[in-house]
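Working through the structure, step by step
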Amino acid sequence: MRGVLDSRAMSDATRRPSIAVLGTLTRDTTVYADGSRSENLGGTHYALLTLASLFEGRARIVPVANVGEDAYDTIHAALDLPGFDRSALRRVPVANNHVYLTYRSAEEREEVLVGLVPPVSAVHCEAVHDVDWMLVNLTSGRDIELDTLRALRARAFTGLQLDVHSLTLGFEDDGRRVLRKPPDWKAWVACADWVQMNETEASLLGDGCPVDEMARRVVDLGPRGVLITLGARGCYGAWRAGGEVRTLRLAAAENPEPAYPTGCGDVFGASFAFALLRGAAPESALAFANAAAGAKACHEPYRELHRLRVHAADALARFVPEA
């Protein structure tokens, strides 16, 4: 049955899992509340580098994206990593996405997007017909169209995981991103086995209802489970198991000062996928993802992602089989 992980198959040492990450690869310029500034690659780079660190070359990782011609060579070279299959990166004749993030606090930020690559096509997605797991991270909100996602849903993946992310962000004329509730959001989340969103996105889509109520609404739409990140307060998960819905709320694993929140949600989602593919139960995968995101929050974007497995070593030993 789709959406139900065969943990015995995935935890077999002879099994080399494959995971595709579909979303936009960006360049980020970030200004933090204390005035410090960083220039990094962003978008799905955070999820991809998380998987690279955790799997240590013991998985096939396939980034699926259109990349602007001005950034293609840099991004292609940055993803020359053990286990990576870059055949689904496509060069397109437009400027690549460049995101400007300005933090007012650890929880509040303004986002401006310059440049916009087109969404991946159904033909493009044929390149990843044979992967076990599909992680769709809507880092621009225009990464994939709904009909293409529906076509992916019909594939025989072990799981399709969707991070709602920028689906809830519209565009002003100057490129500034603003929250807005997409009228077809239920159709998007119904395509996934696991859905991820943050607390702001959950409140927007649920018209301000409590997190636990929103989680049950999402599960009722068809996904096996939903993951809601709560920033410095941890996370909340709900999933179907047998004939019931199980829930788990976890406090933040770390509360660093200063905190570096950029990319934490991406690390959370990729770590959750890694744990499930290694045979962890949903509650253990949620706990590991929470710990990994906390480890990421302690470090400025990008600088320590290659060492995430080291930083989250205790959580790996506790929650992930044979890690």
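Everything below is about the structure printed above this text.
To start, this report covers the structure provided alongside it. Sequence order as written defines the numbering, with residues in each chain counted from 1. In keeping with the predicted nature of the model, local features appear solely for residues at pLDDT of at least 70, side-chain atom pairs appear and are counted solely at 80 or more, and the whole-chain, interface and lining totals rest on all residues. Side-chain numbers come from the whole structure's heavy atoms, not from hydrogens or water.

1. Observations concerning the packing of aromatic side chains
Each pair of aromatic rings is reported with the distance of its centres and the angle of its planes. Between the rings of Phe, Tyr and Trp (Trp by its six-membered ring), a pair exists once the centres lie within 6.5 Å; its type follows the angle of the planes, with under 30 degrees stacked, over 60 edge-to-face, and the other angles tilted. Per the counting criterion, the structure on display carries four aromatic pairs. Here the aromatic rings of Phe55 and Phe274 are separated by 4.8 Å at their centres, their planes lie at 80°, and the arrangement is edge-to-face. Highlighted residues: Phe55 in helix H2 (residues 45-55) and Phe274 in helix H9 (residues 264-277), separated in sequence by 219 residues. Since its relative accessible area comes to 2%, Phe55 is described here as buried. Think of it in three bands: residues with accessible area under 20% of the maximum for their type are buried, residues over 50% are exposed, and the middle band is partly exposed, with areas taken using a 1.4 Å probe on protein chains only. For Phe274, a relative accessible area of 1% gives the class buried. One aromatic cluster is present, built from ring pairs that chain together Phe55, Phe274 and Phe288. In DSSP terms, a helix is any run of H or I states spanning at least four residues, a strand is any run of E spanning at least two, and both are numbered starting from the N terminus.

2. Some thoughts on the environment of Tyr46
Tracing the backbone shows Tyr46 in helix H2. Accessibility expressed as a relative area gives 2% for Tyr46, which makes it buried. A sequence separation of 232 residues divides Tyr46 from Arg278, and the C-alpha atoms of the two residues are 20 Å apart.

3. So, the sheet that holds strand E5 (residues 89-92)
Spatially, nine strands are ordered E5-E4-E1-E8-E9-E12-E13-E14-E15 in an open sheet, and the strand pairing comes out mixed. Of all strands in the sheet, those bounded by a partner on one side alone are E5 and strand E15 (244-250). For this sheet, the mean angle separating the axes of adjacent strands, direction not counted, is 15°. Any two strands between which DSSP finds at least two bridges are classified as paired. Sheet analysis places strand E1 (residues 18-22) next to strand E8 (residues 133-137), joined by four bridges and oriented parallel. Within the sheet, the bridge partner assigned to Ala20 lies in E8 and is Met134. All axes here are fitted lines through C-alpha atoms, helices being fitted over the stretch that makes contact, and every angle between N-to-C directions spans 0 to 180 degrees.

4. Regarding the sheet that holds strand E7 (residues 109-114)
With respect to topology, four strands assemble into an open sheet ordered E3-E2-E6-E7, the strand pairing being mixed. With partners counted over all chains shown, the strands left at the sheet margins are strand E3 (37-43) and E7, one partner each. Taken over all neighbouring pairs, the strand axes of this sheet differ in orientation by 20° on average, direction set aside. Sheet analysis places strand E2 (residues 25-31) next to strand E6 (residues 98-103), joined by five bridges and oriented parallel.

5. Details of the pattern of salt bridges
When a carboxyl oxygen of Asp or Glu lies within 4 Å of a side-chain nitrogen of Lys or Arg, that pair is called a salt bridge. A full pass over the atoms with the stated rule returns 17 salt bridges. As a salt-bridge pair, Arg91 and Asp73 come within 3.2 Å of each other at their nearest N and O atoms. One end of the pair, Arg91, is in strand E5; the other, Asp73, is in helix H3 (residues 72-78), with 18 residues separating them in the sequence. Note that Lys181 is salt-bridged to Asp207, the shortest N-O span being 2.9 Å. Residue Lys181 is located in the loop between strand E11 (177-179) and helix H6 (185-189), and its partner Asp207 is located in the loop between helix H7 (199-205) and helix H8 (211-220); the two are separated by 26 residues in the primary sequence. Owing to a relative accessible area of 35%, Lys181 belongs among the partly exposed residues under this scheme. Counted as one network, the salt bridges with shared partners bring together Glu56, Arg58 and Arg309.

6. Some thoughts on the pairing of strand E9 (residues 159-163)
Burial analysis of E9 places five of its five residues in the buried class, which makes it a mostly covered element. A two-sided burial pattern is seen for E9, the buried positions comprising Gly159, Gln161 and Asp163 on one face and Leu160 and Leu162 on the other. Bridge count for E8 against E9 is five bridges, and the pairing is parallel. In the strand pairing of E9, Met134 is matched with Leu160.

7. Some thoughts on helix H10 (residues 282-297)
Take the residue count of a helix, subtract one, and multiply by 1.5 Å to get its expected span. For H10, with 16 residues, the first-to-last C-alpha span of 22 Å sits near the 22 Å given by 1.5 Å per residue. Judged by how many residues are buried, H10 sits mostly within the fold: 14 of 16 residues are covered.

8. Points about unusual backbone geometry
Residue Glu56 is not a glycine yet carries a positive backbone phi of 50°. Along the chain, Glu56 falls in the loop between H2 and strand E4 (60-68). With a phi close to 55°, Asp207 is a non-glycine residue in the positive phi region.

Note that all results are geometric; they support no functional claim without further evidence.
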